[in-house]
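Understanding the architecture of this molecule
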Amino acid sequence: MKNNKIKKYILDILEWKEYYKRHFVNPEKYIPRLFYSRAGYTLNLDNPQTFNEKLQWLKLYDHNPLYTTLVDKYEVKKYVADKIGNQYIIPTLEVWDDVDDIDFNKLPNQFVLKCTHDSGGLVICKDKSNFKTNKAKKVLRKSLGRNFYYMGFEWPYKNVKPRIIAEKYMEDTKTKELRDYKFFCFNGEVKALFIATERQKEGEDVKFDFFDEDFNHLPFKQGHENATVLPQKPLCFDQMKKFAAILSDGIPQVRVDFYEVDGHIYFGEMTFFHHGGWTKFDPEEWDTIFGKWVTLPLRDGNVNS
């Protein structure tokens, strides 16, 4: 146990050292280095072809101000509600600027806490009688203290206001989990999706399964193994696809996530850089297949394919 604590301490120091170093580097020069070490091949920004390459290009050259709103976990709710309806939004219980402003006594027995500007830093409370507030504050304080942009230069996060939101705890009665359906969208067209399962099984690694737009299972892996038993098609699949197309209209590529809870759809989030844009596909040909679906926007008067 002591060795594990020492290891975690060292890893935390290295993580923060790397994080602060990125405040002083040129992303256009640094991203290719990160890309090669993680994706395993040389990044071509002049003529990107693969999905992961094009995501790096979009990080650097597609800075639409709307994207900042769309990754803000609080502000995006208003945007989505205007597009598809407020009934598809997970209720917000409260919003705070500082960890010490949270009054845990006013929260229900079950709730979820997350930071508006970050990826990760999630705190789930299923039973307040067993909830450790000091541990939760530590997680949230760490998230508030960093700008997620510097983790992988995902531009939309750079100017999001750091806040904490409390949301209603959601769980499907049948699956006993909050299963989300992540749709890959390209200028308003859904081409694929993936489903993460077994996230809440103790001792089990999360499983990822990819499907095409007609819910046919796709023969590749990315970052995680496939599930032994494939997840079933959600009841609201067609409506999710429709909403994903609406929300992604006019955007070169974005992942739109939904939950299905007891037969009802709830919006999850919008993600512009799936896995940071440098997680390997297995087999790697799928990196190119996904890449063909991305039409890059104009830059310097030229059309990028």
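As a starting point, this report considers the structure included with it.

Definitions and limits used
In this numbering scheme, every chain counts its residues from 1 along its sequence in written order. Local features in a predicted model are, by the rule used here, given only for residues with pLDDT of at least 70; side-chain atom pairs are given and counted only at 80 or more, and totals for whole chains, interfaces and linings are based on all residues. The side-chain quantities take in all heavy atoms of the structure and omit both hydrogens and water. Note on conventions: DSSP H or I runs of at least 4 residues are helices, E runs of at least 2 residues are strands, and numbering of each starts at the N terminus. We call two residues in contact whenever any of their non-hydrogen atoms come within 4.5 Å of each other. Note on ring pairs: Phe, Tyr and Trp rings are taken, using the six-membered ring of Trp, and paired if centres are within 6.5 Å. Classes follow the plane angle, with under 30 degrees stacked, over 60 edge-to-face and the rest tilted. Any residue under 20% of the maximum accessible area for its type is buried, any over 50% is exposed, and the rest in between are partly exposed; the area is computed with a 1.4 Å probe on protein chains only. A positively charged side chain is recorded as over a ring if its NZ (Lys) or CZ (Arg) lies within 6 Å of the ring centre. The angle to the ring normal must also be within 35 degrees. Any two strands with at least two DSSP-identified bridges between them are counted as paired. Lines fitted to C-alpha atoms define the axes here, with helix axes fitted over just the stretch in contact, and angles between the N-to-C directions of these axes take values from 0 to 180 degrees. Here a cavity means grid points, on a 1 Å grid over the protein atoms only, where a 1.4 Å probe fits yet cannot get out; a pocket means an open set of points with protein on both sides within 12 Å along at least five of seven lines; lining residues are those with an atom within 4 Å of a point. Grid points are joined across faces, edges and corners, and a volume is the space filled by probe spheres set on the points. Each residue receives one of three labels: charged for Asp, Glu, Lys and Arg, nonpolar for Ala, Val, Leu, Ile, Met, Phe, Trp, Tyr, Cys and Pro, and polar for the others, Gly being one of them.

1. Here's the deal with the side chain of Lys-77
- Its location among the elements puts Lys-77 in helix α5 (residues 75-84).
- With residues up to four places along the chain from it excluded, the contact list for Lys-77 reads Ile-89, Ile-90, Pro-91, Thr-92, Ile-165 and Glu-167.

2. So, the packing of aromatic side chains
- Within the structure shown, the criterion is met by 32 aromatic pairs.
- With 5.0 Å between their ring centres and 90 degrees between their planes, Phe-35 and Tyr-41 make a pair best called edge-to-face.
- Owing to a relative accessible area of 0%, Phe-35 belongs among the buried residues under this scheme.
- Note on Phe-148 and Tyr-157: the rings are 4.8 Å apart at their centroids and 70 degrees apart in plane angle, and the pair reads as edge-to-face.
- For Tyr-157, a relative accessible area of 7% corresponds to the buried category.
- Among the aromatic residues, those joined into a cluster by ring pairs are Phe-51, Phe-184, Phe-186, Phe-194, Phe-208, Phe-210, Phe-220, Phe-281, Trp-286, Phe-290 and Trp-293.
- Taking the ring centre of Trp-278 as reference, the NZ or CZ of Lys-59 above it sits at 3.8 Å.

3. Considering the sheet that holds strand β2 (residues 111-115)
- As summarised here, the arrangement of the four strands in space is β1-β4-β2-β3, forming an open sheet in which the pairing is antiparallel. Whereas interior strands pair on both sides, the edge strands pair on one side only; in this sheet they are β1 (92-96) and β3 (123-125). Each strand of the sheet is rotated relative to its neighbour by a mean of 15 degrees, with strand direction disregarded.
- Across three bridges, β2 lies against β3 in antiparallel orientation.

4. Let's talk about the sheet that holds strand β9 (residues 264-271)
- Taken in spatial order, the five strands line up as β7-β6-β5-β8-β9 in an open sheet, and their pairing is antiparallel. In the strand order of this sheet, the two ends are held by β7 (207-212) and β9, each with one partner. Strand-to-strand twist in this sheet, taken as the mean axis angle between neighbours without regard to direction, amounts to 25 degrees.
- Summarising the sheet, strand β5 (residues 180-186) and strand β6 (residues 189-197) pair through six bridges and their orientation is antiparallel.

5. Examining empty space enclosed by the protein
- By the definition in use, this model includes one cavity of 30 Å³ or more.
- Roughly 60 Å³ of volume is contained in the largest cavity.
- Taken together, Leu-58, Asp-62, Tyr-67, Pro-156, Ile-251, Pro-252, Gln-253, Phe-272 and Phe-273 make up the full set of residues lining the largest cavity.
- A breakdown of the residues in the lining of the largest cavity according to their chemical character gives seven nonpolar, one polar and one charged.

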